[in-house]
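# Summary of structural features
Now for the letters of each chain:
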Amino acid sequence: YNEKVKDLLNPDSQADLEVREDAKHGTHIQGAVELAVGSAAEIMEHMQRGSVYRTTEATNCNEVSSRSHAVLQVTVKAVQRYGEGGGSKRRLAKLSLIDLAGSERAYKTDNRGQRLVEGRNINRS
C-alpha cells in the first residue's frame, strides 16, 4: 500500500517488508508470516482473515476500491514414499496469486488528497 509492503496476516506489525529473490526461496517477502495448512479450507480462512486488513476506499468509479495489490504464495511440498526401505521422492511447487489494485484515471474519480496519492502509486506499480 503506497509503495510499502505489509503483512496482512500480521496486521500489528508496522514493518515495511522487503521483496527478495534468491536461488533457495525464489521471489519472497522477507519476514512475512508463513503458515502450515492441511486443507484448501484452511487456506481460504487465512485469505479471508488477511483481506479484512486490505486497504479499500470509495471513489467516484467504484464504491469499494482496492487501494493496494495483494499477493498470496502457496508452497506445496509432497513426499512420495516407496515402500519399506525404498526411499522417497520429494516435489515442491509454488503458486503465486496476485490481485492487482484497479487502475483509475484521476479525472474520472475526482480523487483528491490521500486518494490521489494512492491512485498515483497504484498506477506506477
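Since we're looking at a predicted model, the values are computed, not measured. (Residues numbered from 1 in each chain as written. Predicted model: local features only at pLDDT ≥ 70, side-chain atom pairs only at ≥ 80, totals over all residues. Heavy atoms only, no water.)

### Remarks on the overall build of the protein
Quick reminder of the rule: By the criteria applied, helices consist of DSSP H or I runs no shorter than four residues and strands consist of E runs no shorter than two, each listed in order from the N terminus. Only protein chains enter the area calculation, which uses a 1.4 Å probe; residues under 20% of their type maximum are buried, those over 50% are exposed, and those in between are partly exposed. Reported accessibility uses the Shrake-Rupley method at a 1.4 Å probe radius. Residues are deemed covered only where the shown protein chains occlude them.
Counting its regular elements, the protein contains three helices and six strands. Secondary structure of the protein in N-to-C order comes out as β-β-α-β-β-β-β-α-α. Looking at the protein residue by residue over its 125 residues, the buried ones come to 17%. Taken as a whole, the protein presents about 9,600 Å² of accessible surface, with 50% of it coming from carbon and sulfur.

### A word on the side chain of Asp7
Heads up, the condition is: Under this rule, positive means Lys or Arg and negative means Asp or Glu; His and the chain ends count for nothing. Whenever a carboxyl oxygen of Asp or Glu lies within 4 Å of a side-chain nitrogen of Lys or Arg, that contact is scored as a salt bridge. Whether two residues are in contact is decided by their heavy atoms, any of which lying within 4.5 Å being enough.
Residue placement: Asp7 occurs in the segment before β1 (18-22). An unpaired buried charge is present at Asp7: no salt bridge exists, and Arg49, the closest side chain of opposite charge, is 7.6 Å distant. Those residues in contact with Asp7, other than ones at most four positions away along the chain, are Leu17, Gly31, Ala32 and Val33.

### Points about the pattern of salt bridges
Applying the stated rule across the entire model yields one salt bridge. Across the pair Arg20 and Glu18 runs a salt bridge whose closest N-O atoms are separated by 3.0 Å. Glu18 sits in the partly exposed class, given a relative accessible area of 45%.

### Re the environment of Ile98
Relative to the assigned elements, Ile98 resides in strand β6 (residues 88-99). Once the C-alpha coordinates of Ile98 and Ala70 are considered, the two residues, 28 residues apart in sequence, prove to be 5.7 Å apart. Contacts of Ile98, omitting those with residues within four sequence positions, involve Ala70 and Val71.

### Some remarks on the pairing of β6
How we decide: In short, DSSP must find at least two bridges between two strands for them to pair.
Inspection of the sheet shows strand β5 (residues 70-81) paired to β6 by 12 bridges, in the antiparallel sense. Directly across from Ala78, in β6, lies its bridge partner Arg91. Where β5 hands over to β6, the hairpin turn is made up of six residues, of which Gly83 adopts a positive phi near 55 degrees.

### Some words on the environment of Ser39
Formally: As used in this structure description, the phrase polar contact means that two N or O atoms lie within 3.5 Å; if the pair is within protein, one of them must be able to donate a hydrogen and the other to accept it, and residues adjacent in sequence are counted only when both atoms belong to side chains.
Relative to the helices and strands, Ser39 is located in the loop between β2 (26-30) and α1 (40-51). For Ser39, a relative accessible area of 31% translates into the label partly exposed. Polar contacts involving the side chain of Ser39 include one to the main-chain amide nitrogen of Glu42, which spans 3.2 Å.

### Describing the confidence of the model for the protein
Put simply, the rule reads: On a scale of 0 to 100, pLDDT captures the predictor's confidence in every residue.
In this model, the protein carries an average pLDDT of 78, and 70% of its residues clear a pLDDT of 70 or more. Taken element by element, the protein is modelled with least confidence in helix α2 (residues 106-109), mean pLDDT 58, and with most confidence in α1, mean pLDDT 91.

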